[in-house]
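A structural walkthrough
If you want the building blocks of each chain, they are given just below.
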Amino acid sequence: MRWPATIPEALEVQATLRAGVDLTDACPDPATVTGLDVAYDPAGERIAAAAVTLSLDDLRIVDQAVVTGEVTFPYEPGLFAFRELPPLLDAIAALTRPPEVFACDGHGLAHPRRFGLACHLGVLTGTPAFGVGKTRLVGTHAEPGPAAGDSAPLLDGDTHVGEVLRTRPGVKPVYVSAGHLISLDHATRLTLALSPRYRLPETTRAADHLCRAALD
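Analysis parameters
Residues numbered from 1 in each chain as written. Predicted model: local features only at pLDDT ≥ 70, side-chain atom pairs only at ≥ 80, totals over all residues. Heavy atoms only, no water. UniProt positions renumbered as here; feature names shortened; annotations may be inferred. Salt bridge = Lys/Arg side-chain N within 4 Å of Asp/Glu carboxyl O. Buried < 20%, exposed > 50% of the residue type's maximum accessible area, 1.4 Å probe, protein only. Helix = DSSP H or I, 4+ residues; strand = E, 2+ residues; numbered from the N terminus. Core = buried A, V, L, I, M, F, W, Y, C linked by side-chain atoms within 4.5 Å. Contact = heavy atoms within 4.5 Å.

Looking at an unreviewed UniProt entry, the chain carries the name Endonuclease V, with the source organism given as Amycolatopsis rhabdoformis. Quoted straight from UniProt, the Function (unreviewed entry) entry for the chain says "DNA repair enzyme involved in the repair of deaminated bases. Selectively cleaves double-stranded DNA at the second phosphodiester bond 3' to a deoxyinosine leaving behind the intact lesion on the nicked DNA." Taken directly from UniProt, the Subcellular location (unreviewed entry) text for the chain runs: "Cytoplasm".

1. What to know about the pattern of salt bridges
The final tally for this structure, using the stated rule, is eight salt bridges. We note a salt bridge from Asp 58 to Arg 60, for which the minimum N-O separation is 3.5 Å. Among the residues examined, Arg 60 registers a relative accessible area of 48% and is labelled partly exposed. One salt bridge connects Asp 156 with Arg 114, and the closest N-O pair in it is separated by 2.8 Å. Highlighted residues: Asp 156 in strand β6 (residues 151–156) and Arg 114 in the loop between β4 (102–104) and α3 (117–125), separated in sequence by 42 residues. Assessed through its relative accessible area of 23%, Arg 114 is described here as partly exposed. Taken together, the salt bridges that share partners define one network made up of Arg 197, Glu 202 and Arg 205.

2. Description of the nonpolar core
Among the nonpolar cores identified, the biggest contains 26 residues, and Val 33, Val 52, Val 101, Phe 130, Val 174, Val 176 and Ile 182 are the most heavily contacted of them. At the level of secondary structure, the elements contributing two or more residues to this core comprise β1 (32–40), β2 (46–55), β5 (129–133), β8 (174–180), α4 (184–193) and α5 (202–215). Beyond its immediate stretch of four places on either side in the chain, Ile 182 contacts Asp 22, Leu 23, Thr 24, Asp 25, Cys 27, Val 101, Ala 129, Phe 130, Ala 187 and Leu 190.

Printed below as a string of C-alpha cells:
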C-alpha cells in the first residue's frame, strides 16, 4: 500500500479510516496475544519493529519477528502510526501464526482524533487491537486505588476514552484504550492478565527487548 508522505495527507487518511473503527468485541477468549513495539537508533533515522506472540495461559513466547528499516515519516504527535505501522506490518507478516489480538505500545481511542495506533492497526488488519500507553495523551482522570486491578475512567470531556489501570501495587498506572473489535472492559482484563509481575504487560516488555536488540 502507499503510505502518506506529508502531514496533510496523513490527516486525510486518518479521518477516512476512523469511520471503520468497530468496538464490537470480536475476541471473546483468545489463547494468545501479540505485542508490538518499536525502537529508534540514537539519530532517529532507523527503526526496528517487533511483533511477539505470547500464550495467554503461561505468558510463554510462541512466535516472534523483528524488522529494521529507515524512518520514512516526520515526527508529529498524533500521527505516530504513519512512522511505526509500515515496519510493524512487515514484522506481523513475518510471524508464522496469525495473531488473535494485538496489544500495542500506544493508544486506541484515547487519542486527540479518536484514532491512535491501535485503531489504525486494527482497521487495516481486521484484527482486534487495543492500546496500553505509558503516558496519557488526552483526557483527565481521578487517581486509581493503590491495589493491582484498581482503575479509574479516562475522560476526554464527557467521553469515556480509556481506563487508567494500576497493574501492580505501588506503581504508576497505565492507560488502556480499545482500538478495534474489542471492548474497553476486555482490553483492561487482558492488560491485567498480561502484567503479573511488572507495570507493563509482558507482551510490551518482550517486544521492547526484541526491537532494541535488533538495533544493537
